[in-house]
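A look at the structure
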Amino acid sequence: MTLFADIGAQIKLEREQIKRGLENLHSNTSKLEDKSYASASVYGVASIQELVPLVVRQINETNHRIHERKTGQAFAEIHQFLNLLDAESAAVLASKITFDKVFSTKPKANQVAHVTDAIGTACENECMLRHYEAKVPGLLHKLQENYWHKSCGTDQKVTIIKTLMGRYDVPKWHAWGRANRVKLGGWLLDCICQASGWFTLDMRQEGKKRQNYVVPTPEFMVIKDQVMATAELFSPIAWPMIVEPNDWQPDGTGGGYILNEVMHGNEMVRRGNPQCIQGETPINFLNHIQKVAYTLNPFIVDVARTLQKRGIAVGKFIPVVETPLPPKPVDIADNVESRKDYRRRAAEAMNVNAQQFKRSCRTRMTMNAVDVFEQYEKFYIPWSFDYRGRVYPIPAFLTPQDTDYGKSLLKFYHQALMTPEAEGWLAFSVATTAGLDKDTMEDRQKWVKENLWLIEAVATDPIGNLSTWEGMDEPWQFLAAFDEYYHTCILCDRNYTTLPVAVDATCSGLQILAGLARDASTAKLVNVLPSDKPQDAYKVIAEEAKPSIPESVKPYCDRKMTKRTVMTIPYNAKPYSNRGYIREALKDKGVEVEKDDLTATVKAVRDAMNVIVPGPMKVMKWIESEVSKAIDRGLKELTWVTPSGFVVTQKLMKKQIQRIELQLLGNCNIFVATGDKNEVDKSHHKNATAPNLIHSLDASHLCLSALRFNAPLALIHDSVLCRATDMSVLSTLVRETYMHLFAEHDYLKSWAEQIGAESEPPIIGTLNPESVIESTYFFC
């Protein structure tokens, strides 16, 4: 029962979230302005996205006048330089620099001379990098790879390239000169002012001189205030709640936090159709999982605090480690070489600190949340759907869908008495987190019994035995499992358990597709059908592909090489992404693969999947074909209702987007949206529908399972977590629900009718879904 005092405490906590969020928003904005990086602020990013297309149009109009000889002599001088840049790149660079300088807090940063010189310098630097990219692409790439990620700031990156290029015999870059840079910058600034009406010149009397400054117009300040006001609505920090979240209502409102303004804009269905009314079952499910109470794991908190104090990183836990600046040499004022050496070493230390600060961001924010919630006995998590029906926590920290470290901080608040069956499931969790997730249940139990000494050592002295657990794939969950098993099964000073134990689907995409196609051969490979040991689809497909694999790759063709490709093809991954996965897997083995051999390897793996998992491959091809026909018939969006009653609305429209590749900004791709075409994105629909159908069905599967389960549980898409005492019940419910979904319903035919398919779906019909009840490794 929620007490009035608890509600008051929750409202106070939510107001604190609002306060901290606003402080962070305005503090971050001020810091960016202090560093002359206003273009990276909330208002800067939003404004530049709208500004760039206008400036591009203005530049192109001028280029058109060039051919008509109507630009005058002044422009003729800078045209030779502007001609080296496309209009889009020039617009992006000029817009970014203008925002950086105009809103900088540094004295006189927005003087016209400074702004125009900075714009011209940015354009020259971009052209210089493109020059080196054309003349010595391999060298430039190597220098960027080795030095750019260690540098903080664009100016330092450019200086490094200039310095290092000077050491090699490469075609020199001929500098433009300040006068030409200022002229070019002035012309681009004029384009920005004319195109937007956002900036103007302000002449100020300073002593005996008059100086021109670039200032924002009143019209732009109104826009800026509107952008910041909107940002403030979304700025509150999202934390768990200390009372049960409000129930979501049928119209999709009222759920989650008590104060509406805390998460204003967080709807029950993210990116969904706001006019769509969801069914009773999914809403009951969402409200059901919001009532699960959690608490912090004090053992993990203590270990984290110790490592934080000592500056030791483990897995995703990355504390700030400050590298001290080198001491200044005594002769720094008089010795040029000594001064240069000190500046170089100081710059290296500052770069390391800047990178470390970025990498530690999530850990610092998580520890801040720990500091807040350590005082509370229990807390709750508000949840919402995505448009496919999958559930996500609204808070960003202290949730079951956090990083390995974040997950390990959580325990269920309500205790469950230990039983012999619970001891077995805790042993399962220990062995699984230790890396035995492909072993049989018997082998996992055996490993635990043979390693009781190791469990005790790690649980009693985690810092002293850091080398034992820090290298695990999920070290923090490994540590949490060891601690729980030690106290409940070895020392036996606890007769209850609260640790979330997880079981995962075996390649859930293929499990769902096997059920849709009634494909027994695929179902067996992904543990839908019972077997003595866990089946390995990745290994079987690797063996099938091996005869067709090029000789240079054949010795390295194993499950690790094929795993990510096999895992993602059910989600419509294309050959291009398959190439990346296989290339990375081979690179991990120390193998560099030729382009043609990589192409042949990808083809061999995809061909093997057509042989080994024929049902899923046929279903995906059929879905793609029918979606194409549906769009051709004039459908603007696809809608279907899942077995749980969740209404999926897939609306994918084309955007007029232009890709701009800039060397100066770290060889990044900037997408400049120029408006909606109001045209259905047929290609996107074809690629997205099979994955979204799978996601909507695995969400439905867990939704229906969870509603029958009356104990604490948590969900991570295709994984369920509960206490060890309850795992047998939950495992049975998950299997029964899958059986009901695919044995009692022919959902693929139902889905075909919902989208108006013109042909019958390819159902193989060899699978008896009732057999999943006997499958030990279905969710394991």
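Here's what I pulled together on the structure shown here. Since we're looking at a predicted model, the values are computed, not measured. (Residues numbered from 1 in each chain as written. Predicted model: local features only at pLDDT ≥ 70, side-chain atom pairs only at ≥ 80, totals over all residues. Heavy atoms only, no water.)

Summing up its helical and strand segments, the protein chain has 29 helices and 17 strands in all. Over its C-alpha atoms the protein chain spans a radius of gyration of 30 Å, differing by no more than 12% from the 28 Å that the globule rule assigns to 780 residues. Each principal axis of the C-alpha distribution contributes one length, and for the protein chain these read about 90 × 65 × 60 Å. Within the protein chain, buried positions represent 50% of all 780 residues. In the protein chain, once contacts between residues fewer than 6 apart in sequence are set aside, the share between residues at least 24 apart is 73%. Total accessible area on the protein chain stands at roughly 36,600 Å², and carbon and sulfur atoms take up 51% of it. For the protein chain, the distance from the average position of its 91 positive side-chain charges to the average position of its 94 negative side-chain charges is 7 Å. (Helix = DSSP H or I, 4+ residues; strand = E, 2+ residues; numbered from the N terminus. Rg over C-alpha atoms; globule rule 2.2 N^0.38 Å. Buried < 20%, exposed > 50% of the residue type's maximum accessible area, 1.4 Å probe, protein only. Contact = heavy atoms within 4.5 Å. Areas by Shrake-Rupley, 256 points an atom, 1.4 Å probe, with all protein chains shown as cover. Lys, Arg positive; Asp, Glu negative; His and termini not counted. Charge placed at Lys NZ, Arg CZ, Asp CG, Glu CD.)

Spatially, S11-S17-S16 is the arrangement adopted by the three strands of the open sheet, whose pairing is antiparallel. Looking at the sheet topology across the chains shown, the edges are occupied by strand S11 (501–504) and strand S16 (713–715). With strand direction ignored, the average angle separating the axes of adjacent strands in the sheet is 20°. Bridging between S11 and strand S17 (residues 719–722) involves four bridges; their strand directions are antiparallel. By the bridge assignment, Val501 is partnered in S17 with Cys722. (Pairing = 2+ DSSP bridges. Axes fitted to C-alpha atoms, helices over the stretch in contact; angles between N-to-C directions.)

Quick look at unusual backbone geometry now. In the Ramachandran plot, Ser36 falls in the positive-phi region, its phi being about 60° despite a non-glycine side chain. With respect to the helices and strands, Ser36 occurs in the loop between helix H1 (4–34) and helix H2 (42–67). Judged by its relative accessible area of 11%, Ser36 is buried. Phi is positive for Leu398, close to 60°, though the residue is something other than glycine. Inspection of the secondary structure assignment puts Leu398 in the loop between strand S7 (391–393) and helix H14 (404–408). Leu398 gets classed as buried once you look at its relative accessible area, which sits at 0%.

Moving on to the pairing of strand S12 (residues 638–641). Going residue by residue along S12, you find Leu638 and Trp640 tucked away on one face and Thr639 and Val641 left uncovered on the opposite face. Inspection of the sheet shows S12 paired to strand S13 (residues 647–650) by four bridges, in the antiparallel sense. Looking across to S13, one finds that Val641 is bridged to Val647. A loop of five residues connects S12 with S13, the two strands running antiparallel in sequence, and Gly645 in this loop sits at a positive phi of about 95°.

Below, the discussion takes up the packing of helix H20 (residues 508–517) against helix H27 (residues 682–707). At their nearest, the axes of H20 and H27 sit 10 Å apart, and the two run at 90° to each other. As summarised for this structure, H20 and H27 are arranged roughly perpendicular, according to the angle between their axes. Between H20, through Ser508, Gly509, Ile512, Leu513 and Leu516, and H27, the contact on the second element is made entirely by Leu693, Ile694, Leu697 and Asp698. Across the contact of H20 with H27, the residue classes tally to six nonpolar, two polar and one charged. (Parallel < 35°, antiparallel > 145°, perpendicular 65-115°, else oblique. Nonpolar A, V, L, I, M, F, W, Y, C, P; charged D, E, K, R; others polar.)

Once that is clear, we can look at the state of the cysteines. Summed over the entire model, instances satisfying the criterion amount to zero disulfides. Not engaged in a disulfide, the cysteine Cys193 finds its nearest cysteine sulfur in Cys191; these two sulfurs lie 9.4 Å apart. (Disulfide = S-S within 2.5 Å.)

This next bit is on the pattern of salt bridges. Pairing between side chains of opposite charge can happen when the charged atoms of each approach one another. This model, assessed by the stated rule, comprises 30 salt bridges. Lys411 is the salt-bridge partner of Glu484, the closest N and O atoms lying 2.6 Å from each other. On the criterion of sequence distance, the pair formed by Glu484 in helix H19 (residues 475–490) and Lys411 in strand S8 (residues 410–412) is long-range, its members being 73 residues apart. Both residues of the pair, Glu484 and Lys411, belong to the buried class. The residue Glu626 makes a salt bridge to Lys629 at a minimum N-O spacing of 3.5 Å. (Salt bridge = Lys/Arg side-chain N within 4 Å of Asp/Glu carboxyl O.)

What follows covers the side chain of Thr568. Looking at the secondary structure, you find Thr568 in helix H23 (residues 559–568). Assessed through its relative accessible area of 17%, Thr568 is described here as buried. Among the polar contacts made by the side chain of Thr568, one reaches the main-chain carbonyl oxygen of Arg564 at a distance of 2.7 Å. (Polar contact = N/O pair within 3.5 Å; in protein donor to acceptor, adjacent residues only side chain to side chain.)

A few words now on the environment of His131. Residue position: His131 is located in helix H5 (residues 112–135). Exposure remark for His131: the relative accessible area of 16% places this residue in the buried category. Each C-alpha atom, one on His131 and one on Leu84, is 9.6 Å from the other, the two residues being 47 residues apart in sequence. Once residues within four sequence positions are removed from consideration, His131 is found in contact with Pro171, Lys172 and Trp173. Within polar-contact distance, the side chain of His131 engages the backbone oxygen of Pro171 at 3.1 Å.

The next thing to look at is the nonpolar core. Residues Leu398, Trp469 and Trp476 are the most contacted members of the largest nonpolar core, which totals 161 residues. Apart from the residues lying within four places of it in its own chain, the contact partners of Trp469 are Val303, Leu307, Val314, Val458, Pro462, Pro475, Trp476, Phe478 and Leu479. Membership of the second largest hydrophobic core comes to 42 residues, among which are Val52, Ala90, Phe99 and Met228. (Core = buried A, V, L, I, M, F, W, Y, C linked by side-chain atoms within 4.5 Å.)

Next up on the list: H27. Across its 26 residues, H27 extends 36 Å between first and last C-alpha, which sits within 8% of the 38 Å expected from 1.5 Å per residue. Of all bends in H27, the biggest is about 40°, found at Ala688, and the proline Pro691 comes one to four residues later. The element H27 is largely enclosed, with a buried count of 19 among its 26 residues. (Expected span 1.5 Å × (residues − 1). Bend = angle between axes of the 7 residues up to and from the residue.)

Attention now goes to the packing of aromatic side chains. Taken as a whole and judged by the stated rule, the model has 27 aromatic pairs. With 6.3 Å between their ring centres and 35° between their planes, Phe285 and Phe385 make a pair best called tilted. Residue Phe285 is found in helix H10 (residues 280–289), and its partner Phe385 is found in strand S6 (residues 383–386); the two are separated by 100 residues along the sequence. Phe385 carries the same exposure label as Phe285, and that label is buried. Here the aromatic rings of Trp425 and Phe428 are separated by 5.1 Å at their centres, their planes lie at 75°, and the arrangement is edge-to-face. Taken together, the residues Trp425 and Phe428, both in helix H15 (residues 420–433) and three residues apart, mark about one turn of the helix. Just as Trp425 is buried, Phe428 falls in that class too. Seen from the ring of Tyr213, Arg204 lies directly overhead, with NZ or CZ sitting 4.1 Å from the centre. Note that Arg388 overlies the ring of Tyr387, its terminal NZ or CZ placed 5.9 Å from the centroid. (Phe/Tyr/Trp six-rings, centres within 6.5 Å; stacked < 30°, edge-to-face > 60°. Lys NZ or Arg CZ within 6 Å of the ring centre and 35° of its normal.)

To continue, consider helix H8 (residues 178–196). When the terminal C-alpha atoms of H8 are compared, their 27 Å separation across 19 residues agrees well with the 27 Å that a helix rising 1.5 Å per residue should span. Of all the positions in H8, only Arg181, Leu184, Gly185, Trp187, Leu188, Leu189, Cys191, Ile192, Cys193 and Ser196 are classed as buried. Immediately downstream of H8, the backbone of Gly197 shows phi near 70°, a positive value.

Our next topic: the sheet that holds S8. The three strands are arranged S5-S4-S8 in an open sheet whose pairing can be described as antiparallel. Edge strands, defined here as strands with exactly one partner in the open sheet, are strand S5 (379–380) and S8. Pairing geometry for strand S4 (residues 293–296) and S5, over two bridges, is antiparallel. What sits directly across from Tyr294, in S5, is Phe379.

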